[in-house]
Amino acid sequence: MKRDSGRNREITKSWKPRTRAVRSGTWRSAHGETSEALFLTSGYSYDDAGVAAARFNGDADGMTYSRLQNPTVEMLEERIAMMEGAEACRAQASGMAAMTTALLCQLSQGDHVVAARAAFGSCRWLTDNLFPRFGIEATIVDSRDNAAWEAAIRPNTKVFFFETPANPTMDIVDMVHVCGLARAHGITSVVDNAFATNVLQRPLEFGADVVAYSATKMMDGQGRVLAGAVCCSDDFLNEYLLPFQRNTGPNLSPFSAWVVLKGLETLDLRIHRQSENALAVGKFLEARVERMLHPGLPSHPQHGLAMAQMDACGPIFAFEVAGGREQAHALLNGLQLIDISNNIGDSRSLLTHPATTTHHGVGEVGRAEMGISEGMLRFNVGLEDVEDIIADLDQALTRIGL
Ligand SMILES: *Cc1c(COP(=O)(O)O)cnc(C)c1O
C-alpha cells in the first residue's frame, strides 16, 4: 500500500500542500523506483482479446492508448489536482493548448464570453480572432472593474475568462466578486493562474470553476519544456473536457510530463525565493523608474487585493522607463547578467519589452487599450543572488542616465 500511497486520495487529502507537491500522484511500478518512471509509449498490449475488449467497453480499468491514458502523464495530473484542491486535472501540450481546450470544450456557436482586456497575447487572439470564426462573441472588459463584468453579462453568456495577475500590466481581478457573479448567473469562470500557480493562489477557493495553466512557466520553472494543465470538477471533466480532449488530442508528451513532475517538487521553494527577490528588486527599481506595476509593493493600486488572494507577490512584475521604446531597448542592451527574453517563470532573471515582442501581435490600438506603453518592461526575477541582479540593473540604468 505504501508504494501507491500517492495515488490514494483518502491518504493524500490528509497531506499538507508541500507534501502533496512531492508525493501526490506517485504510482510506482513493480520495481519500486523512488523517482517517477517515464513511460515513453504510445500504445499498450493485452494478455488476451477479452482484456482488450473489456477495456474498450469500459468493464475493466487499464491503459489503451496514450491519447487517452499514460501512467507518467496521469501521475502529473493527479499531483496538480491535489495541489490545486481540484477533483480533476488533465495535462495539455502547452499553456495555449490548455486555454483553448478549457474554452472550446464548453463553447458553441451563439455563445458569449466575457474576457479580460489585459491578457497573454495568444489568449487575446482566441477571443478576438478565433471565436468570431465559429460564431462565439466576446466582450472585453477592464478586469479590475467589478461593475464592468456585471454590465457585460448577456442571456447567452457562458464563460468569464481572465488572468490574475494579468500579463503584463499586473491587473488583479477580485475573484470572490467576479467568480461569485459568474456563479449567480450560471456562467463558468475560467482562470489562467500561470503567474501565481497553486502554491501562491488557489482560485477554486475564491469561487472559480476551472483553473488553466501554462506549466511551461513556474511549474517546470527551468525553461525546459512546453506544458499546460486544466483543473476542474469531475462533472466538467466528464461533460466537456474529456470528450473534447480525447478526440482532438492536445495531449502532453510523457517526457514533458516527467520534467514538470520533477519541477513541482521544488516549486514551493523556488516561487517563494523568487518572490523575495522580486520584492527586493522592485523596491530598488521604484526609485529609478517612471512607474512600477508590482503587486507586492504598496504603490500598486490593487496591492491589498493582490496580497489577500496570493501568499506572496510572485516573480513577475512590470515597470516603465521614461523615454519610451528607445530607452527601454537601451536598458535591455546594457544588461550583462539578466537575459533579454520573453519567457517567464524561469529560474533565470529575464527582462522583455512586451510592445515589440509578446504583445507585438495585438497591434498599437490593442496595446493602448491594454495599457501597454512603449516604455514598459516585464521582469521575471530569477534565483540568482539578488545583489547581483540589482547590481546589473544599477549599471544598465546608470549607463542610460537613469
Ligand atoms: C505563457 C502563458 C500562456 C501560454 O502558455 P504556453 O505554455 O506558452 O503555451 C498563457 N497564459 C499566460 C498568462 C502565460 O504567461
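The structure we're discussing is the one just above.
None of these values were measured; they are calculated from a predicted model.

Quick rundown of a negative patch on the surface? Include the residues and the values.
Together, E87, D234, D235 and E239 line one region of the surface with negative charge. Residue class for E239 comes out exposed when judged on its relative accessible area of 54%.

Describe in detail the sheet that holds strand β7 (residues 228-232), supporting the description with residues and values.
Strand-to-strand pairing in sheets goes through backbone hydrogen bonds, with the strands running parallel or antiparallel. In space, the seven strands of this open sheet follow the order β1-β7-β6-β5-β4-β2-β3, with mixed pairing throughout. Two strands lie at the open edges of the sheet, namely β1 (88-92) and β3 (137-141), each paired on one side alone. Looking at each pair of strands side by side, their axes are set apart by 20 degrees on average, direction ignored. Note: strand β4 (residues 157-163) against strand β5 (residues 188-192), five bridges, orientation parallel. Paired with E163 across the strands is D192, a residue of β5. Along the sheet, helix α6 (residues 121-133) contacts β2 (112-116), β3, β4 and β5; its crossing angle with β3, the most-contacted strand, is approximately 140 degrees. Against the sheet, helix α10 (residues 234-248) engages β1, β4, β5, β6 (210-214) and β7, with an angle of about 20 degrees to β1.

Any chance you could break down the site of the ligand for me, citing the residues and the numbers?
Taken together, 14 residues lie near the ligand, and G95, D192, S214, T216 and K217 sit nearest. Contacts to the ligand include D192, whose side-chain N or O atom sits 2.6 Å from a nitrogen atom. Protein chains bury 92% of the 380 Å² of accessible surface belonging to the ligand in isolation. Among the residues forming the shell around the ligand, the class breakdown is six nonpolar, five polar and three charged.

Lay out the side chain of S5 with the relevant residues and their values.
Inspection of the secondary structure assignment puts S5 in the segment before α1 (9-12). Beyond its immediate chain neighbours, meaning those up to four positions away, S5 contacts I11, T12 and W15.

The rules behind these values
Residues numbered from 1 in each chain as written. Predicted model: local features only at pLDDT ≥ 70, side-chain atom pairs only at ≥ 80, totals over all residues. Heavy atoms only, no water. Patch = residues over 30% accessible without salt bridge, like charges linked within 9 Å, V, L, I, M, F, W, Y side chains within 5 Å. Areas by Shrake-Rupley, 256 points an atom, 1.4 Å probe, with all protein chains shown as cover. Salt bridge = Lys/Arg side-chain N within 4 Å of Asp/Glu carboxyl O. Lys, Arg positive; Asp, Glu negative; His and termini not counted. Charge placed at Lys NZ, Arg CZ, Asp CG, Glu CD. Buried < 20%, exposed > 50% of the residue type's maximum accessible area, 1.4 Å probe, protein only. Pairing = 2+ DSSP bridges. Helix = DSSP H or I, 4+ residues; strand = E, 2+ residues; numbered from the N terminus. Axes fitted to C-alpha atoms, helices over the stretch in contact; angles between N-to-C directions. Contact = heavy atoms within 4.5 Å. Near = heavy atom within 4 Å. Polar contact = N/O pair within 3.5 Å; in protein donor to acceptor, adjacent residues only side chain to side chain. Nonpolar A, V, L, I, M, F, W, Y, C, P; charged D, E, K, R; others polar.

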